[in-house]
Structures are given as C-alpha cells and as structure tokens.
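Residue-level structure breakdown
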Amino acid sequence: MPSPELDRTTFETRFRSRFADPAFDPLRDEIDRLAAAAWDGYIGGRKSPLTRPAGPSFAEPDYELALDWLDAHAALRAAEAQHDDAAGPARILIINASSRSEHTCPGEMSKSWRLVQIAREVVERRAGMAAEILDLSRLASEYGREIHPCKACFSTAAALCHWPCSCYPNYSLGQVHDWMNDIYPMWVRAHGVLIVTPVNWYHASSPFKLMMDRLVCADGGNPDPTTTHGKTVALAKALELADWPYPRHLAGRRFALVVHGDVEGAENVRRSLSDWLVSMKLSPAGADAEIDRYIGYWEPYATSHDALDRDRAVQDEVRLAAEELAKAVLAQRNDASKPPEPAHEPPRQK
C-alpha cells in the first residue's frame, strides 16, 4: 500500500495549523521549535518514548513496555478487583451513545441523555447497586477527548491485538488523548451494561461505533504484549496457530439495550448490537431489557423532545429495561457461590 509518510513541509504545516488563533502570534518562534521537535519524533517513529521493563507478571519481565500501557493494564487489574469484590455494590454501566448535546452545535441535549437519566434513577434507587455513566457525547464537546479508530490488528492475528489496546497513544503521529484507557475499566468493573443509542443512518452512532470497534481486544485479545515483542507479526501469528485460547475478558456480564429512532432502522440496530454483545459472551437480561422504539415517528425534529414528553409508554419501557437488568445482575451475584456449569470447548473459536 502507498506510504503515508509526509515530507517535512507538509508535516509542519499540519502541526502549525493547530495554532491558527492570532493569540498564538507572539509565540511563533516557540511554535517553530515545537514543530522541529515534533518532526524529530515523527521521522524517528517514536510511538512510545517512555518505557520500562514489564515486570515479573509477564512472560518476558525484562521486555520494555510503554508506561501508558502499563498504567492501563494496572487500571484493568484494579477494575477486575472491584468487579470481583462480593462486598462491593453491583455496578451498572449506562452508556449514552448520542453525540448530541447543548454544549455543541445542536444546542440542546439528546433524547438518549434523557433516557439515560430515567435508567439511572431506576438503578440508583435499588439498594446495593451503583450506576456509572459513560457519556460519549463528550467526544464532540470536551477538549482532548478522542477515540482513535481500530487498526484491525486482530485480523492479522488474535495475539497481535493486546488487552488493553496498545496501538495508542502514538506520540510520533500525534495520536494522543485516547479515551479508551478510561473506558476499558468501566466495562470491566461493571456487572451489567445498559446501552442507549439513537439510530444514525441505520446504524448506532459514530462515537459508539468507535468504542465498539476498539473493544475487539476485550474478546480474545492478548493480555501480555511481551509474548509478541510489541507488534511483531510473525510472533503473533505463531501464537495464534499454536492454539490461541481467545480469552473472553468481558464474559458473563449482563446487558440491556434501548435503541430509539425517528423513521427507520431501530430494530436492525437493536438486533446487531445484541448479536455483538452475545458474541462477546455477555448475556441478555431478558426480552423486556431489549427494546427498539420510534419516538415522534415521522414528526418534525423540532418537536422531538415534546414527542418524548408525551410518550409515557417508552419512558416506562426504559424503566422496565433498567429494572430487568438490575434484577438479572443481582440474581447472578446472589448465585455466585454456586459452582459454575462445566465449560465446553466451542467447536469453532472466534
């Protein structure tokens, strides 16, 4: 494939474009020096300039791993401890998948956000339960919030896809501020996940799809990058062909879905998201916990919040979905002392 490498002039033009505001004019000499330093990191390919030996819990303790990845790995271990703590609350992660908010160009909150608040109230009024909100609209409204695209390492070899993802940050390309290292622990510590998403062109929202793709490492990803010496393709392929176990890092959690549209696509989006979650070995909380509905069907967008105000039934259905998820999570936790059913090897791996 054609090389994406830039010449210095193009690189520095793109770098300086971040400082178009005239407020930066007195700092042009400093920006020139920053541009030269950034070029040096870019042309030198310094993706992860800060590293340290992996440590005794890894296959090759002396192999140098990025500090960012080691911090993300430690955060996952802490989240696992929270998830497994029987004395802690049952945790429900509620995800607002809409990118719309009053803090950006649309000028008003989304219906998804309002439905999230309905679900949150249901969870928080139950004893022994805690809700955590992941508001993906912040990708559009908050400085430095980014989810970079999945590079599909898994399609080269499962073991090349690290858990958590090691593709970012990439300092040499300026691919920083990646939100996923905060998002992975949210999924890990959760006992149940409730997703609220609008339909955007027959699909879930673009912020949600970015997160969804980057969760591929949670389903079969390699928790030890030293075994592949970072991104060494030959080592990763050899590991996969040597009977890779495809660890299911989110298996056993329960889920609920609320998909809402205005004209078309709601049922297909709900089905595709349900299929995705089931394929990662999460379990549905029941038929009443997966809903697809139209709010203000073929009505003007300008009155869509009025339509939601009128639609008491859909509000109650969201409450029911959250209630069913809470009940399923609590029932599963209460049965935690029972011995699990014998595991069966699937006839085909992922």
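Residues numbered from 1 in each chain as written. Predicted model: local features only at pLDDT ≥ 70, side-chain atom pairs only at ≥ 80, totals over all residues. Heavy atoms only, no water.

Per an unreviewed UniProt entry, the protein chain goes by the name Multimeric flavodoxin WrbA and belongs to Brevundimonas diminuta 3F5N.

Each disulfide consists of one covalent bond between the sulfur atoms belonging to two cysteines. Counting across every chain of the model gives zero disulfides. The closest cysteine sulfur to the non-disulfide-bonded Cys150 is located on Cys161, 6.3 Å from its own sulfur. (Disulfide = S-S within 2.5 Å.)

Burial of strand S6 (residues 254–261) is extensive: eight of the eight residues sit out of reach of the surface. Both faces of S6 are covered, namely the face carrying Arg254, Ala256, Val258 and His260 and the face carrying Phe255, Leu257, Val259 and Gly261. Alignment of strand S5 (residues 192–198) against S6, held across seven bridges, turns out to be parallel. Within S6, the residue paired with Thr197 across the bridge is Val259. With two bridges connecting them, S6 and strand S7 (residues 283–284) associate as parallel partners. Bridging from a neighbouring strand, Phe255 pairs with Pro284 of S7. With respect to chirality, the unit in which S6 leads through helix H9 (residues 266–279) into the neighbouring parallel S7 is right-handed. (Buried < 20%, exposed > 50% of the residue type's maximum accessible area, 1.4 Å probe, protein only. Helix = DSSP H or I, 4+ residues; strand = E, 2+ residues; numbered from the N terminus. Pairing = 2+ DSSP bridges. Right-handed = clockwise from strand over helix to strand, strands pointing away.)

Per the UniProt record, the feature "domain: NADPH-dependent FMN reductase-like" (unreviewed entry) sits at residues 91–241. The span residues 91–241 is 30% helical and 13% strand by assignment, and the distance between its end C-alpha atoms comes to 37 Å. (UniProt positions renumbered as here; feature names shortened; annotations may be inferred.)

Helix-helix packing is described using two parameters, namely the angle between the two axes and the distance between the axes. Taken N-terminus to C-terminus, the directions of helix H3 (residues 67–84) and helix H6 (residues 180–189) make an angle of 20°; their axes are 8 Å apart at the nearest point. Here H3 lies roughly parallel to H6, going by the angle between them. The handedness of the crossing between H3 and H6 is right-handed. Together, Asp68, Ala72, Ala75, Leu76, Ala79, Glu80, Gln82 and His83 of H3 and Asn181, Tyr184, Pro185, Val188 and Arg189 of H6 make up the contact between the two elements. Residue composition of the contact of H3 with H6, by class: seven nonpolar, three polar and three charged. (Axes fitted to C-alpha atoms, helices over the stretch in contact; angles between N-to-C directions. Parallel < 35°, antiparallel > 145°, perpendicular 65-115°, else oblique. Left-handed = near helix turned anticlockwise from the far one by under 90°. Contact = heavy atoms within 4.5 Å. Nonpolar A, V, L, I, M, F, W, Y, C, P; charged D, E, K, R; others polar.)

Attention shifts here to helix H2 (residues 28–43). Helix length check: H2 (16 residues) gives 22 Å between terminal C-alpha atoms against 22 Å at 1.5 Å per residue, within 8%. Elements that come into contact with the buried residues of H2 comprise helix H1 (8–16). Positioned one or two residues after H2, Gly45 has a phi angle of 65°, which is positive. (Expected span 1.5 Å × (residues − 1).)

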